[in-house]
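So you can see what is in the structure, the chains are spelled out below.
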Amino acid sequence: MNGVHDMGGMHGMGPVAPEVNEPVFHHPWEGRVHALNLASPTRGNIDAGRHRIEMLPPADYLRMSYYEKWLTRVEQLLLDGGFVTAQELASGQADPAAPTSTPIRPANTVEAALTAPYSYIREAGAPTFAVGDVVRARNLNPIGHTRLPRYVRGRAGLIERLHGAHVWPDAHAHGLGEQPRHLYGVTFSARELWGPDASPRDSVSLDLWEPYLERA
């Protein structure tokens, strides 16, 4: 969506500094937050989860760490779904009067759930574009979730790969069904994206859904 949450291509964010021998989790609480997200009854729609993070106020989004955002997301999804109350979240204690439910992810099913293959590939009609086609990313400014970065909108690129049809995030995130659309690997030259000062040797490749594209 438009806003600080779409940070790709933005200036002034500082260099990417990979951490040598970076641990999976920097603090024990991060692992617990990860587990909470996996065990949550709201799990199953990654697009809705991403959109919930995009609903964070900009100042909060910029100051929060990665897993702080994950924690806020799962709390809000649980509230939205009626699985917990605000009082239960604030106190950290379940309401004694609340009905007891069966966990969706018992401990003995975790390993199988995390290792079982899953795919968002779906069936759809014939693709509109082919490998070698020059396309332009449409200048879209949706008010909801999208996987079309701002920095490629209006820019021309070359289709280099067809991935088949996949769940379309723009619909799926908002409870409008999967609405599968074809997904393409599109390469944009750095100069097309950022002008003549960019290196002529550089390019960016993105996987983009068909509704994001038009013929150049």
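Residues numbered from 1 in each chain as written. Predicted model: local features only at pLDDT ≥ 70, side-chain atom pairs only at ≥ 80, totals over all residues. Heavy atoms only, no water.

Chemist: Provide a residue-level description of the pattern of salt bridges, including the pertinent values.
Modeler: Inspection of every chain in the model, using the stated rule, returns six salt bridges. For D47, the salt bridge identified is with R50, shortest N-O distance 4.0 Å. Linking D47 with R50, this pair stays in helix α2 (residues 46–54), spanning three residues, or about one helical turn. (Salt bridge = Lys/Arg side-chain N within 4 Å of Asp/Glu carboxyl O. Helix = DSSP H or I, 4+ residues; strand = E, 2+ residues; numbered from the N terminus.)

Chemist: A description of the layout of surface pockets should follow, citing residues and the corresponding values.
Modeler: Within this model, the largest pocket holds a volume of roughly 1300 Å³. In this structure, the largest pocket is lined by 40 residues; those nearest its centre are I46, G49, R50, W70 and R73. Secondary structure elements with two or more residues in the lining of the largest pocket: α1 (28–39), α2, α4 (66–80) and α6 (110–115). Here the second largest pocket defines a volume of roughly 820 Å³. Lining the second largest pocket we find 25 residues, and of these L78, F83, V84, E88 and A94 sit closest to its centre. Counting residues per element, the ones that place at least two in the lining of the second largest pocket are α1, α4 and α5 (86–91). Within the lining of the second largest pocket, the residues separate by chemical class into 15 nonpolar, six polar and four charged. (1 Å grid on protein atoms, 1.4 Å probe; cavity = no way out; pocket = protein on both sides within 12 Å on 5 of 7 lines; lining within 4 Å. Points joined across faces, edges and corners; volume = space filled by probe spheres on them. Nonpolar A, V, L, I, M, F, W, Y, C, P; charged D, E, K, R; others polar.)

Chemist: Could you give an account of the nonpolar core, with specific residues and numbers?
Modeler: Judged by nonpolar contacts, the single largest core of 20 residues is most densely connected at V152, V186, F188, L206, L208, Y212 and L213. Residue assignment for this core shows that the elements contributing at least two residues are β2 (134–137), β4 (181–189) and β5 (203–209). If sequence neighbours within four positions are ignored, L208 has contacts with R147, L148, P149, H182, L183, Y184, V186, F188 and L213. Residues V33, Y61, M64 and W70 belong to the second largest nonpolar core, which totals seven residues. (Core = buried A, V, L, I, M, F, W, Y, C linked by side-chain atoms within 4.5 Å. Buried < 20%, exposed > 50% of the residue type's maximum accessible area, 1.4 Å probe, protein only. Contact = heavy atoms within 4.5 Å.)

Chemist: Outline the packing of aromatic side chains, supporting the account with residue identities and numerical values.
Modeler: Inspection of every chain in the model, using the stated rule, returns eight aromatic pairs. On the basis of an interplanar angle of 90° and a centroid distance of 5.1 Å, the ring pair of Y66 and Y67 is categorised as edge-to-face. Classification of Y66 by relative accessible area gives exposed; the value is 52%. Here F129 and Y184 contribute two aromatic rings whose centre-to-centre distance is 5.6 Å and whose plane-to-plane angle is 70°, an arrangement assigned as edge-to-face. You can see F129 sitting in the loop between β1 (121–122) and β2 and its partner Y184 sitting in strand β4, a full 55 residues away along the chain. Across this residue pair, the class does not change: F129 and Y184 are buried. (Phe/Tyr/Trp six-rings, centres within 6.5 Å; stacked < 30°, edge-to-face > 60°.)

Chemist: Kindly report on the side chain of H5, identifying the contributing residues and their values.
Modeler: When you line up the elements, H5 lands in the segment before α1. Those residues within four positions of H5 in sequence are excluded, and the remaining contacts are I53, E54, L56 and Y61.

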